[in-house]
Amino acid sequence: MTDSDPFDEIIEAETDRDPDLAVIEAGSRTLRTQGTGAPQADVPGRPEDPALDKALREVEADLATRWGETKLEPSVSRIAALMDVLGDPQRSYPSIHITGTNGKTSTARMIEALLGAFELRTGRYTSPHVQSITERISLDGAPISAERFIETYNDIKPYIDMVDAQQEFRLSFFEVLTGMAYAAFADAPVDVAVVEVGMGGSWDATNVIDADVAVVTPIDLDHTDRLGGTTGEIATEKAGIIKQDATVILAQQPVDAAQVLLKKAVEVDATVAREGLEFGVVSRSVAVGGQLVNLRGLGGEYEEIYLPLHGPYQAHNAAVALAAVEAFFGVGAQRPDPLAIDTVRKAFASVTSPGRLEVVRRSPTVVLDAAHNPAGARATAEAVAEAFDFSRLIGVVGASGDKNVRGLLEAFEPMFAEVVVTQNSSHRAMDVDELAGIAVEVFGDERVQVEPRLPDALEAAITLAEEDGEFAGGGVLVTGSVITVGEARLLLGRG
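Residues numbered from 1 in each chain as written. Predicted model: local features only at pLDDT ≥ 70, side-chain atom pairs only at ≥ 80, totals over all residues. Heavy atoms only, no water.

## Some words on the packing of helix 2 (residues 50-64) against helix 5 (residues 146-166)
Orientation of helix 2 relative to helix 5, taken along the N-to-C sense of each, is 45 degrees, at an axis distance of 10 Å. Comparing the axis directions of helix 2 and helix 5 gives the class oblique. Remark: the crossing between helix 2 and helix 5 carries left-handed chirality. On helix 5, the residues touching Leu52, Ala55, Leu56, Val59, Asp62 and Leu63 of helix 2 are Ala146, Glu147, Phe149, Ile150, Tyr153 and Lys157. Partitioning the contact of helix 2 with helix 5 into residue classes produces 9 nonpolar, no polar and 3 charged. (Axes fitted to C-alpha atoms, helices over the stretch in contact; angles between N-to-C directions. Helix = DSSP H or I, 4+ residues; strand = E, 2+ residues; numbered from the N terminus. Parallel < 35°, antiparallel > 145°, perpendicular 65-115°, else oblique. Left-handed = near helix turned anticlockwise from the far one by under 90°. Contact = heavy atoms within 4.5 Å. Nonpolar A, V, L, I, M, F, W, Y, C, P; charged D, E, K, R; others polar.)

Okay, here's the thing in structure tokens:
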């Protein structure tokens, strides 16, 4: 590495910012792991215009002065106050609300694609972002422009200041972004909003909407210090998005979580559709670049759907997304006919999910996946084993300190020949020496390599994957955190 490495300069400049704003804009000039192919359109980079980039940085810096997404005060009073002074923009369009532990963003993207294919104008709000903060707010299937992001912030800033002055605590980073999303959707205007919770449900900032359709992806143990120590306790919080007379789409759940969710649905007279009963995956087979699935929806069967995403869990996400859109259109209730199959096929074939089993390099193959808890890691491990024929897989892991890192590493232990542990730029990142200590306990000393800097970790992993020759089938999986994946994606030339 050179003495004046721009990656070092960027990291140094970002140390005081909120972890979800610490976007790494450039990779090492000497890193020989440059990816191939054009950047993905749904993951924008920094604005090329210097004045626009400066204006966006000013907004990011202002947002960074607020509570980050890991500091919470369980209440919707502040966001409700902001919505009130804005004229309740979130009530000007119908919405589909998504909670759960894993699979929320991929499911949201599938729902968005389906609604768009049926010629509805969509707004999508998801978190966290992979590379750019503007990814969080999408219109018509694409992140809003930097210009629009800045305009939206400036438009509601006086109202944010008004609410800040009236509340015990200022609006948080996530609350302000939520307000921006709801205002942007109303201004567009959108026909329907697809909204992913940030954490939990009842007191999540997004929960000032009364969604016609509530979606609950699989619940597992994550954020246990805030949501509860069992899946049933976590489900109690997530059930808060189920509103009076809504339709609830339930992915397969642990028994205690299902009981809690069904009880809440009964209390509010909601209609329930359960994966494995009212809808589900009929069959699936591996295909080039993804999989071919047959789904049973609320209105009948949908056959030969190509999904350009890997893994059994993505097929289940697709079934959930399809049922949610059917419910939105009244299929199975007001109307007996299924959705147009050709439109459904076209929608699913267009789906992307950056940072979710995303191939960003070949020879050797480098795959990025944002798994950050044991359940997500197990799903990723299963999908990698099915979709890729690696003879030797090297892991690059950079995790957050507030996660069950041991459980995550144990999920990957059977498939990683060796693991390179590293540290991303976030102040939430687990110290690399602490991570290495856990990794040695799980993998053994001989299978663990420590590289504190992500560029060096990528270089080391690719070197290890190439040890048996160019055509030996070695690969690299970068995982452990959305931030690690986002930074690796930029280093590998994506974005």
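On we go from here.
## Here we look at the sheet that holds strand 16 (residues 448-453)
An order of 12-13-17-14-15-16 is seen for the 6 strands of this open sheet, with the pairing classed as mixed. The sheet terminates laterally at strand 12 (358-361) and strand 16, the two strands that pair on one side only. With strand direction ignored, the average angle separating the axes of adjacent strands in the sheet is 25 degrees. Each of strand 14 (392-397), strand 15 (418-423) and strand 16 is contacted by helix 14 (residues 432-443), which is oriented at about 160 degrees to strand 15, the strand it contacts most. Helix 15 (residues 454-465) contacts strand 12, strand 13 (365-368), strand 14, strand 15, strand 16 and strand 17 (474-479) of the sheet and is inclined by roughly 145 degrees relative to strand 16. (Pairing = 2+ DSSP bridges.)

## Concerning helix 9 (residues 255-267)
The end-to-end C-alpha distance of helix 9, which contains 13 residues, comes to 19 Å, matching closely the 18 Å that a straight helix rising 1.5 Å per residue would cover. Among the residues of helix 9, Ala257, Ala258, Leu261 and Ala265 are the ones counted as buried. When helix 9 is viewed along its axis, its buried side chains cluster within an angular range of 95 degrees and face the same direction. Turned more than 90 degrees off the buried face of helix 9, the exposed positions are Val255, Gln259, Lys263, Val266 and Glu267. Considering only its buried residues, helix 9 is in contact with strand 6 (213-216), helix 8 (231-238), strand 7 (247-250) and strand 8 (271-274). Just downstream of helix 9, Asp269 is the residue with a positive phi angle, here 55 degrees. (Expected span 1.5 Å × (residues − 1). Buried < 20%, exposed > 50% of the residue type's maximum accessible area, 1.4 Å probe, protein only. Arc of directions from axis to C-beta.)

## Topic: a negative patch on the surface
Taken together, the side chains of Asp49, Glu147, Glu151 and Asp155 define an acidic patch exposed on the protein surface. Tracing the sequence through the fold places Glu147 in helix 5. (Patch = residues over 30% accessible without salt bridge, like charges linked within 9 Å, V, L, I, M, F, W, Y side chains within 5 Å. Areas by Shrake-Rupley, 256 points an atom, 1.4 Å probe, with all protein chains shown as cover. Salt bridge = Lys/Arg side-chain N within 4 Å of Asp/Glu carboxyl O. Lys, Arg positive; Asp, Glu negative; His and termini not counted. Charge placed at Lys NZ, Arg CZ, Asp CG, Glu CD.)

## Some words on the nonpolar core
Counting 40 residues, the largest nonpolar core has Leu63, Ile137, Phe149 and Phe185 as the members making the most contacts within it. Broken down by element, this core gets its largest block of residues, 10 residues, from helix 6 (residues 173-187). Look past the residues within four positions of Phe185 in its chain and what remains in contact with it is Tyr93, Gly123, Arg124, Tyr125, Ile137, Ser138, Leu139, Val190 and Ala193. Grouped together as the second largest cluster of nonpolar side chains are 38 residues, Ile96, Ala251, Ala273 and Ala315 included. (Core = buried A, V, L, I, M, F, W, Y, C linked by side-chain atoms within 4.5 Å.)

## With respect to the pairing of strand 13
Along strand 13, one buried face is formed by Thr365 and Val367 and the opposite face, lined by Val366 and Leu368, is buried too. Note that strand 12 and strand 13 share 3 bridges and pair antiparallel. The residue bridging Glu358 from the neighbouring strand is Leu368, located in strand 13. Between strand 12 and the antiparallel strand that follows it, strand 13, lie 3 residues; Ser363 among them carries a positive phi value of about 55 degrees.

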